[in-house]
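Listed below are the residues making up each chain.
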Amino acid sequence: MILRRSRFVHQLPVGKDRTLIVHAISHMRLPGDGDISTLIDYFAQPRRVPEDCDAMAALIAKPHETAADLRDVVERTVMELLSRQILTEKTPEQELADIGAELASKHGRDPAEMLERYRRELKEGAASYWAVGSAYGLDDFGATRRRVDAVLFGDCDIQMEADFLRREAARRGIDLHVSATFPDDIRFAGERKHDVVFIGALRARHLVAEDIDGYNPHAAYIGHTTELLSKLREVTSAPILIDNLPEPTVQPLGLAERGVKGHRTRFRLTNVALAELASAFSDVYVIDVAAALAAVGSERLLDDGQVGFTHFGSPGWMLQRPENEKAAVHNIFPDTAPLVQALGGDPYGRETVIAEKHIDALVTVMGIGRKKCVILDLDGTLWPGVLAETGSPFAWTPEISGAFSYIGLYFGLHEALLCLKKRGMVLACVSKNDEATVRELWKYPDHYPTQRLLTPDDFVTWRVNWDDKVGNIRSIAEELGFALDTFLFIDDNAVERDRVRQRLPEVEVWGEDPFSLRRRLLNDPRLQIPVITAEAAARSTLVKAQIARQQLRTETLGEAQYIESLRIQCRVERLDPASTKLERVGELFSRTTQFNTTGRKFSSGELAALAGNPDARLFAIDVSDRLGDHGMVGAAVITDGEITGFAISCRALGMGVEHTFLRHVLDEMKGTPQTLRGRIIPTPRNIPARNIYRDNGFLEREDGLWEFTKPAAG
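What comes next is a walk through the structure. As the structure is a prediction and not an experimental result, all values here were calculated from the model.

Concerning the overall build of the protein chain
Thought 1: Broken down by element type, the protein chain carries 27 helices and 24 strands.
Thought 2: For the protein chain, whose C-alpha radius of gyration is 29 Å, the value lies close to the compact-globule estimate of 27 Å for 714 residues.
Thought 3: Expressed along its principal axes, the backbone C-alpha trace of the protein chain runs to roughly 85 × 80 × 65 Å.
Thought 4: The buried share of the protein chain, taken over its 714 residues, is 50%.
Thought 5: Element-wise, carbon and sulfur atoms account for 52% of the exposed surface of the protein chain, whose accessible area totals about 33300 Å².
Thought 6: The averaged location of the 104 negative side-chain charges in the protein chain is 2 Å from the averaged location of its 88 positive side-chain charges.

Dropping the structure here:
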């Protein structure tokens, strides 16, 4: 591949080791550091990739990186620059001709409008009103990360955050591409590729503080939000994450603010109404900005104590304004040193806090790095000391202390783990112990708050023995069929934690700080799901039944005998837009990696739209047997005669359910004129799904595309 710098790219030095890269046609504005600028300059002459990558690596040699590693980073960076049209494979003449041809195909449309649309499709970063953020470097372009495209709708509160979102996402292994616009620019969501939409505080927040006769204080804000969400849902099915409003740190009338129309109460009621509104829309979630700011300290993160009652910007923004704006105050302004001191020298505190909260929500909604199982040590973790020595988990009675004294640290941990169980996570334990002793002594007296405490029945599987914990964790992963990176292991013993980290690096390991465990368990976005479905709430029961089936399989003489003994029952239904199962279908496609023909994920909003589309079909299958109910274990999405998604939960594999389901889908499609096709897109883990079409009478017409020919009538 021969690449060169685009003829439309200009590089403008804007500070030490910082260059603003501008594309004259697309108006793309990208800050780059010295390494990025050096690479772009190298392509002033045509270069061969990957042949010339060694020479490029030599230009930016790093003492802490090997030549091979740096070459890989350089090659990935070059591909990123190519994707942004900073580099191109075209000659200057071809580049000019291709852009001219693309913009010329306006078919009577305004040429200026065509140019604007072209620019918007390539847009990245905040609106040009705001200054460019921190520079991109090799760490941004050269790392291997999962790409996520986000659109931001809002004013200064969220647009100033764009660069902080990118950096916070990168810290978590996400390559976040951010494009920001204003709240009234709805069509931007239809023009720009995106996976998620963020919405900041709307301008109607200023009306919340106004006393309008006959209206609730929040009526205007909720009305504007309803209109925005409705219009967005006409052009996008992506998840929408909307900020609630910060709670004021000052009040106009002070203590005299009483009743529901008090200044601070107005904003609290608006947030309550916003939470209720979001529940009426598919895949819309409220980001609790008010709680995030309050947890850190709102007074140093909100400017309503300085400039106005409803702006809710950052006090640090006053330290970032251009000097020419001082003309409004006759170029006379107080020394900002006290403000710098109050902010701890960091004018970007608000952006950092809210970016973390936004990326938390992104991780949860998109299921990035989601954990499925928490494996717990027992002695010293779930209770103090060694159970065989203390004789009971705790020695608490109300006469000793209240339930929120020292004992509260353990009660609180148990309660948090029970909450995770309700969210759909499963619990297991690994302990160096005598199992019979643990089962005998793990009991609570009647006066204990048992609704807050774990019992042995809350765990889907045990490894209570004297074996190595690493081997026991591997054994649990095999038994449950979960990948190692979906486990969290908690142990109070530093040696055990280190052994697991060294030998099972995929497993997340906690336990250093017992005082932070409860908060981390409840707040970590990887331990959350956007919506708790019936299947999620019952997952521990479902997994236990699956383990019982595996045991039965080992005890029976043959596979056919095992399947027959289960007395399996299947129920397939076609879902409509109002179905309560759409959330579960979305969860199934998100969580299923083994039997998933394409690896594609569907939001509940997208599924609702497909269910209502006359050219699409959405099917789900529920399964039960004599050992219990599996719940909804499979889903199929058919669009324009092609099965674009076909997934079966791993807990139903090996029972022939996938074939029963596909044959039912074929029967349902008999009356349609289309020839049904199915696509296989290989992923690292979907090997079990790759022969489903071959084994059910489909013929491969091209690589990965299978076709089922309906039998002739009569």
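Comments concerning the sheet that holds strand E1 (residues 2–5)
Thought 1: Across the sheet, which stays open at both edges, the three strands sit in the order E5-E1-E6 with antiparallel pairing between neighbours. Strands with a single pairing partner mark the edges of an open sheet, and in this sheet they are strand E5 (47–48) and strand E6 (87–88).
Thought 2: When E1 meets E5, the two strands line up antiparallel, connected through two bridges. Each residue of the ladder has a partner; that of Leu-3, found in E5, is Arg-47.

Re the pattern of salt bridges
Thought 1: One pass over the full model with this rule turns up 43 salt bridges.
Thought 2: For Arg-518, the salt bridge identified is with Glu-415, shortest N-O distance 2.9 Å. Of this pair, Arg-518 sits in helix H21 (residues 517–523) while Glu-415 sits in helix H17 (residues 406–423); the two residues are 103 residues apart in sequence, bridging distant segments of the chain.
Thought 3: We classify Arg-518 as partly exposed; its relative accessible area is 34%.
Thought 4: The residue Lys-432 makes a salt bridge to Glu-496 at a minimum N-O spacing of 3.1 Å. Placement of the pair is Lys-432 in strand E13 (residues 426–432) and Glu-496 in helix H20 (residues 494–503), with a sequence separation of 64 residues.
Thought 5: Residue classification places Lys-432 among the partly exposed positions, given a relative accessible area of 33%.
Thought 6: The network of salt bridges with shared partners includes Glu-168, Arg-171, Arg-172 and Asp-360.

Focus: unusual backbone geometry
Thought 1: In this model, Val-49 is joined to Pro-50 through a cis peptide bond whose omega is 15°.
Thought 2: Mapped onto the elements of the fold, Pro-50 is located in the loop between E5 and helix H2 (53–59).
Thought 3: Phi at Phe-312 is positive, roughly 55°, even though this residue is not glycine.
Thought 4: Considering the arrangement of structural elements, one finds Phe-312 in the loop between helix H13 (289–296) and helix H14 (337–342).

Quick notes on helix H26 (residues 604–611)
In an α-helix, one full turn covers 3.6 residues, which means residues spaced three or four apart are oriented alike.
Thought 1: Of all the residues in H26, the buried ones are Ser-604, Gly-605, Leu-607, Leu-610 and Ala-611.
Thought 2: Summarising the contacts, the buried residues of H26 are in contact with helix H25 (582–591), strand E19 (616–625) and strand E20 (628–639).
Thought 3: Near the N-terminus of H26, the side chain that reaches the backbone nitrogen of Glu-606, with its oxygen 3.1 Å away, is that of Ser-603.

So, the sheet that holds strand E2 (residues 9–15)
Thought 1: The three strands lie next to each other as E2-E3-E4, forming an open sheet whose pairing is antiparallel. Of all the strands in the sheet, just E2 and strand E4 (29–32) have a single pairing partner and so form its edges. Between one strand and the next, the sheet's axes are offset by a mean angle of 25°, whatever the strand orientation.
Thought 2: Pairing between strand E3 (residues 18–23) and E4: four bridges, direction antiparallel. Residue pairing for E4: Thr-19 is matched across the bridge by Gly-32.

Here we look at the packing of aromatic side chains
Any aromatic ring pair is given by two values, namely how distant the centres are and how the planes are angled relative to each other.
Thought 1: Counted by the stated rule, this structure contains 19 aromatic pairs.
Thought 2: When the centroid spacing of 4.9 Å and the interplanar angle of 80° are considered together, the rings of Trp-383 and Trp-442 count as edge-to-face. Here the residue Trp-383 occupies a position in the loop between strand E12 (373–376) and helix H16 (387–390), and Trp-442 occupies one in the loop between helix H18 (435–441) and strand E14 (459–465), the gap between them amounting to 59 residues.
Thought 3: Under the relative-accessibility criterion, Trp-383 is labelled buried at 0%.

Description of helix H1 (residues 34–42)
Thought 1: Among all positions of H1, only Asp-35, Ile-36, Ser-37, Leu-39, Ile-40 and Tyr-42 are buried.
Thought 2: Sitting at the head of H1, Asp-33 places a side-chain oxygen 3.1 Å from the backbone nitrogen of Asp-35.

A closer look at the pairing of E20
Thought 1: Counting buried positions along E20 gives nine out of 12 residues, so the element sits mostly inside the fold.
Thought 2: Linking E19 back to E20 in an antiparallel pair, the connection comprises two residues.
Thought 3: Two elements, E20 and strand E21 (residues 642–648), share six bridges in a ladder whose sense is antiparallel. Residue pairing for E21: Ala-636 is matched across the bridge by Phe-646.

Rules used throughout
- Residues numbered from 1 in each chain as written.
- Predicted model: local features only at pLDDT ≥ 70, side-chain atom pairs only at ≥ 80, totals over all residues.
- Heavy atoms only, no water.
- Helix = DSSP H or I, 4+ residues; strand = E, 2+ residues; numbered from the N terminus.
- Rg over C-alpha atoms; globule rule 2.2 N^0.38 Å.
- Buried < 20%, exposed > 50% of the residue type's maximum accessible area, 1.4 Å probe, protein only.
- Areas by Shrake-Rupley, 256 points an atom, 1.4 Å probe, with all protein chains shown as cover.
- Lys, Arg positive; Asp, Glu negative; His and termini not counted.
- Charge placed at Lys NZ, Arg CZ, Asp CG, Glu CD.
- Pairing = 2+ DSSP bridges.
- Salt bridge = Lys/Arg side-chain N within 4 Å of Asp/Glu carboxyl O.
- Contact = heavy atoms within 4.5 Å.
- Polar contact = N/O pair within 3.5 Å; in protein donor to acceptor, adjacent residues only side chain to side chain.
- Axes fitted to C-alpha atoms, helices over the stretch in contact; angles between N-to-C directions.
- Phe/Tyr/Trp six-rings, centres within 6.5 Å; stacked < 30°, edge-to-face > 60°.

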